[in-house]
Amino acid sequence: MSSREKILLAVSQNQPERVLLPDISLFERKATGTVQKFGAALSSIGGKAYYINDLTEIGIIIAGIPAINGRVVNLVDGLPIKNAENIIYHLAAHDLQNVEWAILKANFGVAENGAVWITEDCMGQRVLPFICQHLAVVINQKDIVPAMHEAYELLSRKPYDYGCFIAGPSKTADIEQSLVIGAHGPRSMTVFILLNE
Amino acid sequence: METNGIGDHASLAADFNKDKERVEWHDETLWWIRQKRDKNVHQIPEWEQLREAASQIKLNVLSDLNSYLQQFEANAISNGIKVHWAADAAEHNQIVHQLLKNAGVSQMVKSKSMLTEECGLNEYLAEHGIEVIDSDLGERIVQLAKEAPSHIVLPCIHKKKEEIGDLFHEFLGTPENMADPQVLTEAARGHLREIFLTRRAALTGVNFAIAETGEFVVCTNEGNADMGAHLADLHIASMGIEKLLPERRHLGVFLRLLTRSATGQPITTYSSHFKKPQKGKQIHIILVDNGRSVQLGREDFRNSLKCIRCGACMNTCPVYRRSGGHSYHAVVAGPIGSILSPNLDMKKYADLPFASTLCGSCTNVCPVKIDIHDQLYKWRQVIVKAGYAPATKTATMQVMSKTLSSPALYHLSGKAGRWVLKYIPFAVNNKFNPWYKQRDMPEPPEESFGEWYKKNQTK
């Protein structure tokens, strides 16, 4: 007997009588999440939210951030950023190791925890939002859901090969519980929220 | 009782307690995390309903695990993921070794996986000439120190920053006596980035796997699982068979509970959903039993398989906080480890269900409502019946039961106790009395309740 058969047999012999799944629809509120709650949650986990009326404001804000120099990858349609690369799909993942800033479109945000959902098609390469030194994403105000239940309802509408909830910059507290931002991934996380779209 | 050549929980805890300052620090740090958990949890009005829903979903999974496993396998395969089955730790390690051999790889990077600790994977691969580097910062620290993790979420919570500074000075070339967490983390970032960029194989654990879609979810704060997996050609994901959830929308319940319970964050920084491999790359999943199907058949203990490894029961446990994770001499420490470990080896871990005050705090914070303290109590009975009870405990219990079943003996021993405490307190206030450690003996009353009642009843 193969291990597969052995395990499945042992499980079927030992599993108890069937217990029904609970109804979890009661957690879905259907209302849209508030932009204020999202911003507060994001700042509590070390991220920064900017509220903008127009994509062109991003260029101005980013120019004011002293850390922005070096290689920039910008994958947001209609966002003008000087000297940024817009096409990376032809590169090897390792070629992205010196990316300083990556600017992506996120699918939506979650108000209760400040996370954004990003699918692979927005990343250009799966490794990009992890390997860059600083990550910025753009979401529309109307694409903020209250909690994770609504988030799963929304993400089920669009298939993906890989997707990730990203909530703030990479962090660790493994040394004496002192919070350090910038463990292996980005040292900062900025979310630009487009108010009028 | 010597159970394993390194001592039982009580003697290992006594070692840990020699450094009073460290014990205080350990205790306070974990309690601080427990308080962060409370603060975060209290912002969710439906918290108790979420716990109940999570518990019910997991009970459903356990009751229909056979079909969910097959459904997950079929969906994962159709997503282009290779699925392997391992009956025990040895088979799991052989599968990993074979996959690495086929790929011609002799160096692998690994993110946190308690399952691979359970299987002794690093040691096995080292014997076969394959180097494994742990990429979670806490795990890398204990790996450099040649120690095991002492906590499932905070692997080096037992270590002071000065000790970590010494390790990094020796292995990563940081300046001597440098103990600033910011500087040390930056050094580890540089060191591990080099590892991520040069390893062609990466192994990750699995937090949740979805039967309905064949995808699996890995949660980290550091981003180490993603750095490893996306830069490697071969991604191996090891998971216990109990990690399944029926439908993807159930993640909404579990991701709300997991990190709030673990560290008091609203969610981990990264919750990565792996559905299909990247073009030209491979993902392999290993489904591991290693005693889980046996635990499933133990009615009193099967609920322990609901565990999502948040560590909340450790952070709240008064015994764990003051005895340290290593005193449990098991892969998973604390209350949950004390009900999981006897399933793997009842004799070796016979002492663990006794390492508890049964205060029930673990059960109260468990996000999936495992009846941890009840199971600890039940394991004690199973262990005593099987003849594995610690010898001193058996002897004391026999004396107790004789004394309590005879009124004459009971009154005599009460009198004797009061007399000793009053006239020769040094006979009990010494190191031979385990109760006296860290405690004072009580003031003896003048008379027993029985004597007082007899005197006052007639008035």
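Once a new chain begins, its residue numbering starts again from 1 and follows that chain's sequence as written. Working convention: letters from A go to chains and numbers from 1 go to ligands, in the order in which they are written. The predicted nature of this model means local features are confined to residues of pLDDT at least 70 and side-chain atom pairs, given and counted, to a pLDDT of 80 or more, with totals for whole chains, interfaces and linings taken over all residues.

Caption draft 1: Spatial organisation of the overall build of chain B. For helices the rule is a DSSP run of H or I covering at least 4 residues; for strands it is a run of E covering at least 2, with both sets numbered from the N terminus onward. Helix and strand counts for chain B stand at 21 helices and 10 strands. For this measure, only C-alpha atoms enter the radius of gyration; the expected value for a globule follows 2.2 Å times N^0.38, where N is the number of residues. For chain B, the C-alpha radius of gyration of 25 Å lies close to 23 Å, the compact-globule estimate for 459 residues. Taking the principal axes of the C-alpha coordinates as reference, chain B spans close to 90 × 55 × 45 Å.

Caption draft 2: Main features of the overall build of chain A. Helix and strand counts for chain A come out as 6 helices and 11 strands. For the C-alpha atoms alone, the extent of chain A along its principal axes is close to 65 × 40 × 40 Å. Taken over 197 residues, chain A has a buried fraction of 46%. At a minimum sequence separation of 6, the contacts of chain A that also span at least 24 residues come to 73%. Neighbour density around each residue's C-beta defines its exposure: 20 or more other C-beta atoms within 10 Å make it buried, 12 or fewer make it exposed, and counts between make it partly exposed, where C-beta atoms are placed from the backbone. By the convention adopted here, residues make contact when the C-beta atoms placed from their backbones lie within 7 Å.

Caption draft 3: Structural context of the pairing of strand 8 (residues 162-166) of chain A. Most of strand 8 of chain A is tucked away, with 5 of its 5 residues classed as buried. Of the two faces of strand 8 of chain A, both are covered, the one formed by Tyr162, Cys164 and Ile166 of chain A as well as the one formed by Gly163 and Phe165 of chain A. Only strands that DSSP links by at least two bridges are regarded as paired with each other. As judged from the 4 bridges shared by strand 5 (residues 115-119) of chain A and strand 8 of chain A, these two strands associate in the antiparallel manner. Pairing of Thr119 of chain A across the sheet is with Gly163 of chain A, part of strand 8 of chain A. Here strand 8 of chain A runs beside strand 9 (residues 270-274) of chain B; their pairing, made up of 5 bridges, is antiparallel.

Caption draft 4: Highlighting the sheet that holds strand 6 (residues 216-220) of chain B. Reading across the sheet, the 8 strands line up as 7(A)-4(A)-5(A)-8(A)-9(B)-6(B)-5(B)-8(B) and stay open at both edges, with mixed pairing between neighbours. Either end of the sheet is taken by a strand with one partner, and the two such strands are strand 7 (144-145) of chain A together with strand 8 (244-245) of chain B. Here strand 6 of chain B runs beside strand 9 of chain B; their pairing, made up of 5 bridges, is antiparallel. If you follow Thr220 of chain B over to strand 9 of chain B, its bridge partner there is Tyr270 of chain B.

Caption draft 5: Here's a closer look at the interface of chain B and chain A. In this assembly, 67 residues from chain B lie in contact with 60 residues from chain A. At 8 residues, the largest contribution of residues to the side of chain B that touches chain A is made by helix 10 (residues 181-198) of chain B. In terms of residue class, the side of chain B that touches chain A is made up of 30 nonpolar, 21 polar and 16 charged. For this classification, Asp, Glu, Lys and Arg are treated as charged, while Ala, Val, Leu, Ile, Met, Phe, Trp, Tyr, Cys and Pro are nonpolar and the rest, including Gly, are polar.

Caption draft 6: Quick peek at the domain arrangement of chain B. Here the bounds of each domain stem from an automatic or database domain assignment. For chain B, the assigned domains are domain 1 (1-43 + 311-401), domain 2 (45-135 + 200-293) and domain 3 (406-457). One C-alpha centre belongs to domain 1 of chain B, the other to domain 3 of chain B; they are set 29 Å apart.

Caption draft 7: Broad picture of the nonpolar core. Of all hydrophobic cores here, the largest spans 174 residues; its most connected members are Leu104, Ile118 and Val137 of chain A together with Phe216 and Phe254 of chain B. Two domains share this core, each providing at least three of its residues, namely domain 1 (1-43 + 311-401) and domain 2 (45-135 + 200-293) of chain B. Residues within four places of Val137 of chain A in sequence aside, it is in contact with Leu104, Lys105, Ala106, Val116, Ile118 and Val191 of chain A. For this analysis, nonpolar core means a set of buried Ala, Val, Leu, Ile, Met, Phe, Trp, Tyr and Cys residues linked through C-beta atoms within 7 Å.

Caption draft 8: The packing of helix 1 (residues 3-14) of chain A against helix 4 (residues 65-78) of chain B, seen in detail. To get an axis, a line is fitted to the C-alpha atoms, and for a helix only the part in contact is used. The angle between two axes follows their N-to-C directions and goes from 0 to 180 degrees. At a closest axis distance of 8 Å, the pairing of helix 1 of chain A and helix 4 of chain B adopts a crossing angle of 145°. Seen from helix 1 of chain A, the contacting residues are Leu8, Val11 and Ser12 of chain A; seen from helix 4 of chain B, they are Leu65, Asn66 and Leu69 of chain B. Looking at the contact of helix 1 of chain A with helix 4 of chain B residue by residue, the class counts come to 4 nonpolar, 2 polar and no charged.

Caption draft 9: Representation of helix 8 (residues 137-144) of chain B in the model. Most of helix 8 of chain B is tucked away: 7 of the 8 residues are buried. Those residues of helix 8 of chain B lying buried are Leu137, Gly138, Glu139, Arg140, Ile141, Val142 and Gln143 of chain B. Next to the buried residues of helix 8 of chain B lie strand 9 (171-172) of chain A together with strand 3 (131-134), helix 9 (161-172) and helix 10 of chain B. The positive-phi residue at the C-terminal boundary of helix 8 of chain B is Lys146 of chain B, with phi of around 55°.

Caption draft 10: Just the packing of helix 3 (residues 47-63) of chain B against helix 12 (residues 251-262) of chain B, in detail. All names here are of chain B. One can describe the packing of helix 3 onto helix 12 by two numbers: an axis separation of 10 Å at closest approach and a directional angle of 120°. What the angle tells us is that helix 3 and helix 12 run oblique. Here helix 3 runs over helix 12; the crossing is left-handed. Of the residues in helix 12, those touching helix 3 at Leu50, Arg51, Ala53, Ala54 and Ile57 are Val253, Phe254, Arg256 and Leu257. When an angle is under 35 degrees it counts as roughly parallel; over 145 it counts as roughly antiparallel; between 65 and 115 it counts as roughly perpendicular; any other value is oblique. For any pair of crossing helices, the crossing counts as left-handed if the nearer helix is rotated counterclockwise from the farther one by less than a right angle, and right-handed if it is rotated clockwise.

Caption draft 11: Structural context of the sheet that holds strand 2 (residues 107-110) of chain B. All names here are of chain B. Strand order in the open sheet formed by 6 strands is 1-10-7-4-2-3, with parallel pairing between adjacent strands. Where the open sheet ends on each side, the last strands, each with one partner, are strand 1 (82-86) and strand 3. Averaged over all pairs of adjacent strands, the angle between strand axes in this sheet comes to 25°, irrespective of strand direction. Pairing of strand 2 with strand 4 (residues 201-204) involves 3 bridges; the strand directions are parallel. What sits directly across from Val109, in strand 4, is Ala202.

Caption draft 12: Representation of helix 18 (residues 372-385) of chain B within the structure. All names here are of chain B. To estimate how far a helix should extend, the number of its residues minus one is multiplied by 1.5 Å. Taking 1.5 Å of rise per residue, 14 residues should cover 20 Å, and helix 18 covers 20 Å from first to last C-alpha, within 8% of that figure. Along helix 18, the residues that are buried comprise Ile372, His373, Gln375, Leu376, Trp379 and Ile383. Around the axis of helix 18, the buried residues are gathered within 150° of arc, so they sit on the same side. Those residues of helix 18 that are exposed and aimed more than 90 degrees away from the buried face are Gln381 and Lys385. Elements in contact with the buried residues of helix 18: helix 14 (312-316), helix 16 (334-344) and helix 17 (361-365). Taken from the residues just after helix 18, Gly387 is the one with a positive phi, measuring 85°. As used here, the arc belongs to the directions running from the helix axis to the C-beta atoms.

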